[in-house]
Each structure stands twice: as C-alpha cells, then as structure tokens.
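What follows is each chain in one-letter form.
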Amino acid sequence: MSPRADAPAHPTSEVRRFGRSQKWVHRATAALMGVCVATAACLYIPQFAELVGRRELVVRVHELAGLALPVPVLAGLASRGFRADLGFLNRFGPHDRVWLRAALRRDKRHSARPAGKFNAGQKIYASWIAGATLVMLGTGLLMWFTHLAPLMWRTGATFVHDWLALTIGLVLAGHISMALADPEARKGLRTGTVTRPWATREHPLWHPEADNPEHKGN
C-alpha cells in the first residue's frame, strides 16, 4: 500500500484521534456500563449475590446506573468533535462493505480492510450497543414502575431485559478482548493521540488533518 498523500516527512509523528469530550464520554459510559453489568451479575448469579449481600442496595445502584447511562452521550452532544465522530460512526460507505466481506473471510490483510476513522466493525458495534442500551432502559422502566403497563407487558419486558443483558455481557467481553489486543487503539482513547504509521495501517482512508483541521476535538 502506498503512503497517503497527506503523510508528513516524519513518519513516527503522532496524530490527534480523540479530543477531551470523546475521551470523557467513553470513560463515563464505560464506567456506568461496568456498574450495570457488575450489579446485574450480583442480582442473577447466586454465588455473587451471596458474596455481596444487601440485594436492595444492589438493585438501587443498578437502577440509578442504568438511568444515568445515556447522560454522557447526551452531554457529549454539546461538543463539535463528538458530534463529528457520531457522523463518522453513522456513515456506512462502500469501503465498509469491503471491510465486512474481508472480516467474514477472516482475511486479516490490512489492504483488504479499508477503513476511515472507524472501521465497519466499530460502526456496527456502536449502533448495536446504542440500540441495546435504549431497549434496556425502556424495559427497565417497565420493570421498575409497575403501574406503567399491564402484567403481560411487564413479563415480556423482564424476559427481554434479562436475555439482552446476557447478550450485552458477551458482546462487551468481545469488545474488551479486541481492545486488549490493540495497545495503540487503547492509547488513542487514553491520551487522544496515535502514531501516524498505525493510523495509516489500520485506518488508511482516515485523514486527521482534513477531519479535524483545528485539532481541538472539543
């Protein structure tokens, strides 16, 4: 693969990937999601429930964390950089279909997986987890405020909430394992910058200077 036209003379230089707002939203959302998963485990797995005890307190923490889960994203909408990233995540192009076909074939060559700032897998994950969070919030409210719906609805909400929670746990485990396998991607979320060779290799269609000309990311 030939170097990108916008690559500087110093190939080891770093480029801005995320600004303060994107990092804050990711960390806050991850923390709240972690609390939801941990408290759910304490509520549904007997061994954990015995270790923790105080079920009523665990239920309240779980409910409050679930209600607060959308707050970081809603607050992040005040940031131009965060809104721009949502636009990238919501935009699915022909190169994303190429990326997905390569992933299904287990073709790990970088040349076979073209990607912009976010690859197709990251876009699908972001869309899925956002939708799942809204479903969990809706079903959780039906379970919490029992007067909002008849018994049949609440029974269905409980079924969906429980099984979707298990699915979210499995998807999050996969997400974390993939993050652990890519230290440079983790560095981008931790510090906001990545090395230019990594950006060129993993996201060849992403042009940081064009996407964020002022390098503010806020």
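First, a word on what this report is: a plain description of the structure on this page.

## Brief notes about helix H7 (residues 120-144)
Then, in step 1: The terminal C-alpha atoms of H7, which comprises 25 residues, lie 36 Å apart, in line with the 36 Å expected from a rise of 1.5 Å per residue.
Then, in step 2: Next to the buried residues of H7 lie helix H1 (20-44), helix H5 (80-89), helix H6 (94-104) and helix H8 (151-180).
Then, in step 3: Two to three positions downstream of the cap, the backbone nitrogen of glycine 121 sits 3.0 Å from a side-chain oxygen, assigning the N-cap of H7 to asparagine 119.

## Concerning the packing of aromatic side chains
Then, in step 1: Per the stated rule, a full pass over the model turns up three aromatic pairs.
Then, in step 2: On the basis of an interplanar angle of 50° and a centroid distance of 6.4 Å, the ring pair of phenylalanine 159 and tryptophan 163 is categorised as tilted. Taken together, the residues span about one helical turn, with phenylalanine 159 and tryptophan 163 both in helix H8 at a distance of four residues. In this pair, the class of phenylalanine 159 matches that of tryptophan 163, namely exposed.
Then, in step 3: Lying over the aromatic face of phenylalanine 118, arginine 17 brings its terminal NZ or CZ to 5.5 Å of the ring centre.
Then, in step 4: When the ring centre of tryptophan 99 is taken as reference, the NZ or CZ atom of arginine 113 above it lies at 5.2 Å.

## Some points on H5
Then, in step 1: All of the buried residues along H5 are Gly81, Phe82, Asp85 and Phe88. Here the buried residues of H5 occupy an arc of 115° about the axis, which is enough to place them on one side.
Then, in step 2: The distance from a side-chain oxygen at the start of H5 to the backbone nitrogen of glycine 81 is 3.3 Å, and the residue carrying that oxygen is serine 79.

## Considerations on the layout of surface pockets
Then, in step 1: Estimates place the volume of the second largest pocket at around 780 Å³.
Then, in step 2: Lining the second largest pocket we find 30 residues, and of these Ala40, His62, Met136, His161 and Ala165 sit closest to its centre.

## Observations concerning the side chain of lysine 23
Then, in step 1: Considering the arrangement of structural elements, one finds lysine 23 in helix H1.
Then, in step 2: One buried charged side chain, lysine 23, makes no salt bridge at all; its nearest oppositely charged neighbour is glutamate 14, positioned 11 Å away.
Then, in step 3: If near-sequence neighbours (up to four positions away) are discounted, lysine 23 is found in contact with Phe18, Leu189, Arg190, Thr191 and Gly192.

## Here we look at the environment of arginine 27
Then, in step 1: Looking at where arginine 27 falls in the secondary structure, it is placed in helix H1.
Then, in step 2: Take arginine 27: its relative accessible area is 45%, and that puts it in the partly exposed class.
Then, in step 3: Separated by 163 residues in sequence, arginine 27 and arginine 190 have C-alpha atoms that sit 9.1 Å apart.
Then, in step 4: Arginine 27 has contacts with Leu189 and Arg190, leaving out every residue within four places of it along the chain.

The rules behind the values
Per chain, residue numbering runs from 1 following the sequence as it is written. Totals for whole chains, interfaces and linings use every residue, but because this is a predicted model, local features are given only for residues with pLDDT of at least 70 and side-chain atom pairs only at 80 or more, for both listing and counting. The basis for the side-chain values is all heavy atoms of the structure; hydrogens and waters are excluded. Think of it this way: any DSSP run of H or I at least four residues long counts as a helix, any run of E at least two long counts as a strand, and we number them from the N terminus. For a helix, the expected span equals 1.5 Å multiplied by the number of residues minus one. Contact criterion: two residues are considered in contact whenever any of their non-hydrogen atoms come within 4.5 Å of each other. Here a polar contact is recorded for every N or O atom pair within 3.5 Å, except that within protein the pair must consist of a potential hydrogen donor and a potential acceptor, and residues adjacent in sequence are included only if both atoms are side-chain atoms. By convention, a stacked pair of Phe, Tyr or Trp rings (six-membered ring in the case of Trp) has centres within 6.5 Å and planes under 30 degrees apart, an edge-to-face pair has planes over 60 apart, and any other such pair is tilted. The rule is simple: take the accessible area with a 1.4 Å probe, protein chains only, and divide by the maximum for that residue type; under 20% is buried, over 50% is exposed, in between is partly exposed. Counted as over-ring charges are cases with an Arg CZ or a Lys NZ within 6 Å of the ring centre that also lie within 35 degrees of the ring normal. Each direction from the helix axis to a C-beta atom contributes to the arc, which is the arc of those directions. A pocket, in this scheme, is an open set of points on a 1 Å grid over the protein atoms alone with protein on both sides within 12 Å along at least 5 of 7 lines, while a cavity is a set where a 1.4 Å probe fits but cannot get out; residues line either one if an atom lies within 4 Å of a point. Grid points are joined across faces, edges and corners, and a volume is the space filled by probe spheres set on the points. Note on charges: Lys and Arg go in the positive column, Asp and Glu in the negative column, and His and the chain ends are not counted at all. Definition used for salt bridges: Asp or Glu carboxyl oxygen within 4 Å of a side-chain nitrogen of Lys or Arg.

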